[in-house]
Structures are given as structure tokens and as C-alpha cells.
Amino acid sequence: MKRSGLFLIIVILFFPAGIPVFPQVFLPEITQEAKPWTRWWWLGSDVDSTNLTYNLEALSRAGIGGVEITPVYGVKGRENHSIDYLSPEWMRMLAFTESEAGRLGMRVDMNNGTGWPFGGPEISLEDAASRAIFQEYELKSGERLKEPLTVKDKKQQGIASLDKLMAYAASGEKWDLTANVTGEGILEWTAGKDCKLIALFIGKTLQRVKRAAPGGQGYVVDHLNKEAVQRYLSKFDRAFAASRTPFPNAFFNDSYEVYGADWTPGLLAEFEQRRNYRLQDYFPELLAGGATDSSARVVADYRETVGDIIREHFTQVWSDWAHAHQTINRNQAHGSPGNLLDLYASVDIPECESFGITDFDIPGLRKDSIRKQNDSDPAILKYASSAAHITGKKYTSSETFTWLTEHFRTSLSQCKPEVDLMFASGVNHVFFHGTTYSPQDAAWPGWKFYASIDMSPTNSIWKDAPAFFDYITRVQSFLQSGRPDNDFLLYFPVYDIWHEERGNYYTVFSVHDMRDRLPEFGKAVEKIRTCGFDSDYISDRFLQTCTVENGRLKTEGGSLYKALILPSVKRIPLETLSRIYELAQEGATVIFAGNYPSDVPGLFRLEERRKTFAALTTRLRSEPAVIEIPDFTPLQSLFSPYKESFITGFAGQMIRRKHDEGHLYFFSMLQNNPVNHWVGLGTPAASAVFFDPMTGKHGKARLRNNNGVTEVFMQLQPGESIILKTFTDKNVQAENWLYYQPTGNKWTLDTGWTLRFSESDPLVNTQFQLPEPVSWTELGNDTLKINRGTGLYETTFEFNKKRGKEYRLSLGDVRESAVVKVNGNKLGVLFVVPFEINIGEWLQSGKNTIEIEVTNLPANRIADYDRRGVEWRIFHEINFVDITYSNTRYDVWEPLPSGLLGPVIIRELNTK
């Protein structure tokens, strides 16, 4: 052993198995919703009762609280075993699943279709997703159209029908000629002036359900057509009624991937009713794609109308249908053409998603060479949680860990910071993406879905995953309790997007480009956060329902906010500005940051509305509760009225909630900004309790009052997280939280190690003598370069334990997770940096034995399968693509390091 001097201060983390019990006075209830859930793909719905039980029991033992059934394409060679979606046999399997889940204390959600989006064999062309087809013609004065009015796109011939024919003269005159067209498409009309004809045909996108399961193949439904949506949902009424199967806990809808569905029968009538003018009178402006101001206004009005229709004709219809069956719904609104906040708010559980991996600045965090950058930063994730917070919904769910890295290469250590980022963004109901139903006797790697982290028993990370699931459960139990307590409402300037985006009149709100489309909005979100505050977004619709209570803005869900911030907004509806003026008159603080809105959106009665807008602006600016800031540079000036609410001294991610006696904080350090100092909380507290969600340990935190600001002494290293529960007036009784200070003494365990395998595929029976911990792929054994398994590293050493000292074991580089035993005592599981654990209680003077049981990733094994030509890609449709959606094989992968790489160090600590 080598002894050396001083080292950095590091917070101690314990990882005992199971979930230790907090005192009930502090502990939120552990519900099934507090546990992580998973999307459960049924390949071909090729399921049976025996294997359903096997799969559910495995999930339950690991700590999964529920499943969401999503049937997809099947397994090659097993076509005769597939079960058609919603058939009597399929419903019997669903009922069995619900019964078994209930026995295990789990719950079941289900997709309202197979694959995505909604659709299937019962969708006729009439009810299928629709698109507009515009065709233009030129006529001279005195001419008649010589050709019949038929759609030119060969794919749409026999499908598309003429909906409107308009003529436009350069003088501004326009004529509706639809009634002049015969059944054969002949226009019986002679032009009195030179004019342009624009014909609108309503065609079909012809999109079919993606990744559909047997019995679910067919056209995508027209989501803008209320009657079509109702007819689609009626098939579930029939299936559940005929089978008498209980309805699931919730129905689910995946991200809106209805491509190019920009029209629906009746849209022109809907537009005229909502926007107060006829869209057909402005087809030239619509097709100009916003090239002029008038064109931009028509396009924006069209986009707003489509957004209204998707909310009222699809999302709200679907929600009402679920509620009629005494169940709820969960929805991913992103990708849709409507205002995301309003769409998320129209369901019971709004759901965001992560897509890719974040480049966290956490020392020691393994970064795979094959990765996809995460599109979902906190500014994007917060659309769903904001909708939940302002409407009083308990849960915000997330599709979690989609495409973090390439298949078979994702570790639990990479997952933990990603889920922390979601927690700090308001997520409190995690759904993994995901788990594939796989029969117990399926050859390894079992049945797999292509776009997944693979949270399943056949993945080697499953061995230690329960410790990670326990962590999620502890955090979510807190974040599902209490009430939201973000500081500001941040106005979402959707009209600026609708007005300024050029090109095609149809646009959607995808997670992949939202930041680029509203850069100033994203900057405002980040600057508010770095100043120690947090915000929720609010739409025009929900501003109308806000009230003022004791100078605070109160949303319809009951959440309270210090102020409304409008970040560099250019256009705002007159109705919204009028409501803001009323709120300011009632005492609400309104902050205009960046610039003051200068115009109204839309085309109808534009000059009349502009005059009213100007007069209202003058009155609003004279209100004492209105603050104008030229830009976000003078942050302290902007936030000076609320200094008592700053979070100071913490440069990580966090979220705050309220409970009846104080506040709840979740802190996560996802940057290289270690904390070993006092942190200002921004809220008063008489006492506070720290909870370590990784271990279940708790203790009374050290507080002080510093010039009227409550501060807590915190120790938190990069990659770590902590929960703080404060009590405003109560001095709670609990054992003190332990703080540690390194003495500078450390011992490196660099001799006398052995390695043997408790599990390995292929089998490894050899015991290896090691001078120091090392990756087992470096031992010159060909089998160890291709195996997946668990290796047991062991060393025995003499130690002189000092009284009154604590000792921390640091494992260094671990590939990928480790179970730690000291002198035969299992202390817990280490799966994230800094891979450290307190061992003082179990360490003894004299001889000691430490065992480190390390489990690697399955990447080396699957690479060997591809090199040997093992055929494991056995799935229909897209089969099994890589992170770039290419049919790539993994035989070129070099062996990934596996096992305990060290250095393994024992550090001596004083208790502060």
C-alpha cells in the first residue's frame, strides 16, 4: 500500500441494497407511480401467459412500478404465433397481464394503437390523414380553362377531390368558382379579366402506421377530423365491451409524427369561424409562405387555426373519451402543429422525452465514442412540466433514455445524470424507453427493439439496475409530493414563431429544433436559472385564467408565481395584452425583458386592433407593477425585487417544491462545480433535513441566518445529488447530517489482487493473479475480450484503523457497476461516479478482505456474435438499426474495457 498526503474533499455516498426507511414524519409515500415504469414492446403481440408472468415478475423484482404496452412488428419465423391487435385473444392476454400486474402490485398502461401514430386497418381513405394539394392556372381575359380540373399527382388520382376553386385578378378582385365546376371537372366560366386560378384539392398523406403490429397495420387517422377520431376510438369501445376486459390505468399517445397532414375537410369553415375571414380569399398569401407581411399574417392565422383544431378535435376528444371510461391519458404533444403548452395541458399526464445523450462536464463520467447529442435540454423538457404545473396536474412523465449511445454500450452511470436533468426540469414519473417482452427460452440477447436503452433482464446492466431504480423511486417519491414552487411565469411567444417562420405554411413543434426557433426564449430560460430562479411557461390561453392573490399570479391549477416575464416578445394578441393589463392593475408584477411587444398578430381588422394595441400599451407602461428591462444583461436589476428568493452558491441543476410546512429541494451537480460551502436557499427555514436518494440515509442539515437569508451547509461533488426538506417554523428532531473532511491520509490498494468470475458468457473458470486492478480485457485471455459477465476482484491487506475516524473506499474507474463487500459484509452497489462508499463501520484493525464484484456491458459479447455471424437480428420491418438508423454490424468494435480499473484507494476522514 502507498500512503500520500492531502486530497480533495469528497462527499460520502453509501449504496446499501433495498430502500432504507426514512422516519415517517419526513418520508413521502412510496406509490407505484413513484417507481420507474417502462414502455413494454410486444413484438408481434407474440405473448403467452407463462412468459407474461415471467417478464412481469422480473420487472417487479427489480423495482419497476408499471408497464406501458406498445405492440410493434413481430419476430421472423414466428408469424403463426402473432396475435392480432384487439382480437379476442389479444384482449385475453391484456386481461391476464392486468391481473398478473395487480398481483405483483404493478399497474398497466397501453398505447391506443400499435406502433405510432394512431391508425390501423379500420381507417378508410375518408378518415385517413389529409393534405392540401394546390394547383395554379393562368387565364387571360375572355379565356376559358381548357383542361379539366383534376389532380396532377398520379398518387393522388382517384383519391384527392376538389374542395375549392378561386380566381384572383391583379386588381384585387376574387371569385369563388367552385360551384362552376361540373362533376367531370370542367370549369364552366369565362374570365372577364386576366386572372390566376388556384384549385384546392384535399388529398391523403397515405402515411401508414409506423412499426405497426399484426392487426394494427393501416392508414394513419386524420387527427384534425373529430368524427374520424371518434370512429377510431370506437373500436376500443367494442373490443373492451365484447371481452369485458378492465380498462388500463391509462392510455398513451406517442410523439406526433403525422407527416405532412396539413389539411382536413371542413378546415376552411373552421378557419372562417375562428379567424373571422375566409382563407380561400387569401390562397396566394398562404402559398407565398410569409414572404410579405400580409402573407405572414395569413400563414400565422392558418397555423393558429390548425393548432386550435388539433387540440379540440383530437387531444380533447381523446381525453374526454378516456375519462368516459374512468381512466386517464398520457400524451407526448411534441411534433404536433399546435401550441405545445395547450396540448400538454389538455391531457392528464403530459410527457416529454429525451433523445440522445448530454455532454455533462462531470469528471470521470464515461463518454462513449458512439453517441447522439441530446436534443432535449431543460428548456425543451419544461414544456410538459410547465403545462402540468400551471394546471395542477400531479405528474409529468418522460420517455427516458432514448438513444443515449449505441446498442449494448449504455451504462447506468450514463443514465443517472440524464434522469437528474429531467428531475430538475420538472419530470417526476419516469418511463424507460424501454423493455421488450422476450420469452424465457429465447436465445441471448433475446427479443430486442431497435430504438432503446434495453432495460431488460437479458442486458447485463440489469444485475445492478435495482439500485438505480431505488434511486429513482426515492427521488420521485419527493417530487410527486407537495406542490410546484417555481418563481416566474415565462410567456411563450408562439405568435412570433407562427409569424416569422418562412417557407411552407405548415409547421410543427419538434423537440429537435425548438431551441433554434426561439433562441431568445431559450436564453431567457437559462439566464433565469443561472440567476438562482426557475420558471414555468404559460400560453395566451392560460394567461386568461390567471388571477392575482396577494400580489402573486395564481394559475388555474393553483400555483403561485412572483411575476410574469415576457422575453423579447414582438407580437402578442390584443386579448392577451388586455388581460396582462388587468393583472397588472390587480397588483401582479409584469416584466418586459429585451423589448416591448410592438404589434398584434393576424390579419383581421388589423389597423383597428393596432390602434387599440397602441393605446393599451401606453396605459400598461404607466402601471407601477410593470417593469421594462432593455435586455437580460442587468440580471440583478431585473430580479432585485426578489433577492430574498435567490438560490446562491449552487451552480448546478435544481428544482423546488412546496409542502405544508416548508419546501422541498432536489439538487444535482451536473457540472464540474463541487460544493463545500454555504448555499443560500431563498426561502426561510427554522430547520431542514438532508436525504440522500442514492442510499436512503438522512440527517438534520446545518443551517444559519446570514443577513436575513437562510443558508444550508452543503457538500456535493460533480455527479451527485441530494434532497433537502425544509421546515419554515418547526425545529424538527433528527440525528445530524454527517459532514466529512479528508485528513490527507490515503492508502492505495495496489498489490495482492485476484480475479475470478461468478458469471460469464462464455464460461471462464480461471482465477487470475493481479498486481493491481485492471480491465480483464487486458489480461491476454481471448475469452475475456468477448465475454459479458461479473468478475470478482478480491484483495486482503493489513490495516491500522484509528478511533474516531471514518474511511472511504474509492474504486476509481469502474466498468460498469460494482457490488462492494468488506470482510464478508455487503455494503451496496456503486454504479455512478465517484464510485465511493464509506467502509469505516466494517473496516477493522488487522487483516481485512475487500471484494468488488464488477459487471460489464454486453458490447464485447454482441461484437463477437457479429464477427462469428450469429443471426440475432431476427425482427420484421426496420429490424435492428444503429443510432444513425443504418443497418450496421458491430463486428468492428474494439473490446470495451471491463471490470475494475482503479486505482482503489482508502481515504481517512474527519467528521465535521
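Residues numbered from 1 in each chain as written. Predicted model: local features only at pLDDT ≥ 70, side-chain atom pairs only at ≥ 80, totals over all residues. Heavy atoms only, no water.

A. Layout of the layout of surface pockets. By volume, the largest pocket amounts to about 660 Å³. What lines the largest pocket is a set of 29 residues, among which R275, E304, Y495, P573 and E575 lie closest to the centre. For the lining of the largest pocket, the secondary structure elements donating two or more residues are α4 (267–275), α6 (293–324), α7 (340–345), α11 (494–500), α14 (540–543) and α15 (574–585). The leading source of residues in the lining of the largest pocket is α6, at six residues. (1 Å grid on protein atoms, 1.4 Å probe; cavity = no way out; pocket = protein on both sides within 12 Å on 5 of 7 lines; lining within 4 Å. Points joined across faces, edges and corners; volume = space filled by probe spheres on them. Helix = DSSP H or I, 4+ residues; strand = E, 2+ residues; numbered from the N terminus.)

B. Expanded view of the nonpolar core. Counting 202 residues, the largest nonpolar core has W263, M455 and F468 as the members making the most contacts within it. For this core, the element with the highest residue contribution is α6, accounting for twelve residues. Core analysis: the second largest hydrophobic core is formed by 38 residues, L670, I837, V854 and L900 among them. (Core = buried A, V, L, I, M, F, W, Y, C linked by side-chain atoms within 4.5 Å. Buried < 20%, exposed > 50% of the residue type's maximum accessible area, 1.4 Å probe, protein only.)

C. Inspection of the pattern of salt bridges at higher detail. A full pass over the atoms with the stated rule returns 66 salt bridges. For the salt bridge of K554 with E549, the shortest nitrogen-to-oxygen distance reads 3.1 Å. Judged by relative accessible area, K554 falls into the partly exposed class, the value being 26%. According to the relative accessible area criterion, E549 is partly exposed, its value standing at 32%. The shortest N-O distance in the salt bridge between R868 and D864 comes to 2.8 Å. Linking R868 with D864, this pair stays in helix α18 (residues 859–868), spanning four residues, or about one helical turn. Judged by relative accessible area, which is 48%, R868 ranks as partly exposed. Within this structure, R39, E68, D109, D254, R330, E351 and E399 form a network of salt bridges that share partners. (Salt bridge = Lys/Arg side-chain N within 4 Å of Asp/Glu carboxyl O.)

D. The arrangement of the packing of aromatic side chains in detail. One pass over the full model with this rule turns up 67 aromatic pairs. With a centroid separation of 5.8 Å and an interplanar angle of 70 degrees, the aromatic rings of F118 and F314 are classed as edge-to-face. Remark: F314 occurs in helix α6 and F118 occurs in the loop between β4 (107–111) and β5 (119–120); sequence separation between them is 196 residues. Overall, the relative accessible area of 2% leaves F118 in the buried class. Note on F314: relative accessible area 3%, which makes it buried. A ring pair is formed by F134 and Y505, whose centres lie 6.2 Å apart and whose planes are at 90 degrees; its orientation type is edge-to-face. One end of the pair, F134, is in strand β6 (residues 130–139); the other, Y505, is in the loop between α11 and α12 (514–517), with 371 residues separating them in the sequence. (Phe/Tyr/Trp six-rings, centres within 6.5 Å; stacked < 30°, edge-to-face > 60°.)

E. Highlighting the packing of helix α1 (residues 49–62) against helix α2 (residues 88–103). Orientation of α1 relative to α2, taken along the N-to-C sense of each, is 35 degrees, at an axis distance of 10 Å. You can see that α1 and α2 cross each other, and the crossing is right-handed. Note on element contacts: α2 touches α1 through M93, F96, T97, E100, A101 and R103, opposite S49, L52, T53, L56 and E57. Of the residues in the contact of α1 with α2, the class split is five nonpolar, three polar and three charged. (Axes fitted to C-alpha atoms, helices over the stretch in contact; angles between N-to-C directions. Left-handed = near helix turned anticlockwise from the far one by under 90°. Contact = heavy atoms within 4.5 Å. Nonpolar A, V, L, I, M, F, W, Y, C, P; charged D, E, K, R; others polar.)

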